[in-house]
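What follows is each chain in one-letter form.
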Amino acid sequence: MAEKPLPSEVIVNETSQKVVRAIFDKPGFSTDLFLTPEELDKARLWTTHLWLRQIEELYPAKLDEIREAGLVNYHEFSGDMEHSTMWTRAARCFPPAMAVELQTLPFFRKLEGVFGPYLISDYANCGYADFTWRLCRPEADSDVGPLHTDGSFWRIDGMESPAGYVRLKCWVALHNEPGLSGLLVVPNSHRHKNPYKAVTRHGRPKPELLHEDAATPILPLTQPGGVILFHDNLLHGGAVGRGTATRVSLEFTLFARREVAEPFLTSGTPPEVDYDATVTV
């Protein structure tokens, strides 16, 4: 993972302090950053390319019809496909060249302005920055994950952040219907212990909460191109789409320097998940 150099003209400003405070103090997430319309168009183009590549490989006879309908109408055709098995993590990862091109977007300069030098995770150990995209059909409970913390995955897999850095997640809405689809978050849940057990699903151990936070999840009113940056221990999960279109998001984990987070940490609240699963089932 190569460190992103801090451009000489970037300085700490009120916006960066607002974002970092929201993530590490409260409510545990920030919605202050976004992609420009031009950036959103490019991200959608790359994701559509990967979506069509997978369909062409598995269902070539359907390619032209589905391409014409477009990604947001994918759900209208998915009933005739092996949806539950065709969208593996590997099928949803940006390939190396595309991951490099993605990072040329001005949005990543915005991240530098907020966090200073940072790293992007290579969670899959592929040797380059790990960007994944996700598609969730409307009214499809099986397409979204339950409430969880990202840090619990890291603990279960025995993985750690680089020394001197802390983890946070970046979720970007590429296609969504504001108020009807997006990412659920539980405000301030990062300040609590969120005990879980490790349960084997789809061939690998995954966290399952022992009890849900008393607070009710909310659905931030995210517009296409909107970004949610959130704490490693924030409870979150996909919202079941209540609209008429397939929702598509882009996700990645970044590591910020620990000293960026420390001034905003509430006493007793660690910057990352610091507890293990209680049991493996």
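Residues numbered from 1 in each chain as written. Predicted model: local features only at pLDDT ≥ 70, side-chain atom pairs only at ≥ 80, totals over all residues. Heavy atoms only, no water.

Draft legend 1. Quick peek at unusual backbone geometry. In this model, Lys26 is joined to Pro27 through a cis peptide bond whose omega is 15°. Here Pro27 is to be found in the loop between helix H1 (14-24) and strand E1 (29-30). The backbone of Glu139 sits at a positive phi, close to 60°, despite the residue not being glycine. Within the element layout of this structure, Glu139 appears in the loop between strand E3 (132-136) and helix H7 (150-156). Of note, the phi angle at Asn188 is positive, near 70°, even though the residue is not glycine. Relative to the assigned elements, Asn188 resides in the loop between strand E5 (182-185) and strand E6 (196-201). (Helix = DSSP H or I, 4+ residues; strand = E, 2+ residues; numbered from the N terminus.)

Draft legend 2. Up close: the pairing of strand E8 (residues 227-231). Within E8, 5 of the 5 residues are buried, leaving the element largely enclosed by the surrounding structure. As defined by bridge partners, E1 adjoins E8 across 2 bridges and the pair is classed as antiparallel. Bridge assignment links Phe29 to a residue of E8, and that residue is Phe230. Both strand E4 (residues 165-175) and E8 contribute to a ladder of 5 bridges, which runs antiparallel. What sits directly across from Cys170, in E8, is Leu229. (Buried < 20%, exposed > 50% of the residue type's maximum accessible area, 1.4 Å probe, protein only. Pairing = 2+ DSSP bridges.)

Draft legend 3. A look at the environment of His148. Mapped onto the elements, His148 comes out in the loop between E3 and H7. Between the C-alpha atoms of His148 and Leu209, which are 61 residues apart in sequence, the distance is 6.7 Å. The residues touching His148, leaving out its near neighbours within four places in the chain, are Phe153, Pro207, Leu234, Leu235 and His236. Engagement of the side chain of His148 in a polar contact is seen with the backbone oxygen of Pro146, the distance being 2.9 Å. Among the polar contacts listed, one links the side chain of His148 to the side chain of Asp150, at a separation of 3.3 Å. (Contact = heavy atoms within 4.5 Å. Polar contact = N/O pair within 3.5 Å; in protein donor to acceptor, adjacent residues only side chain to side chain.)

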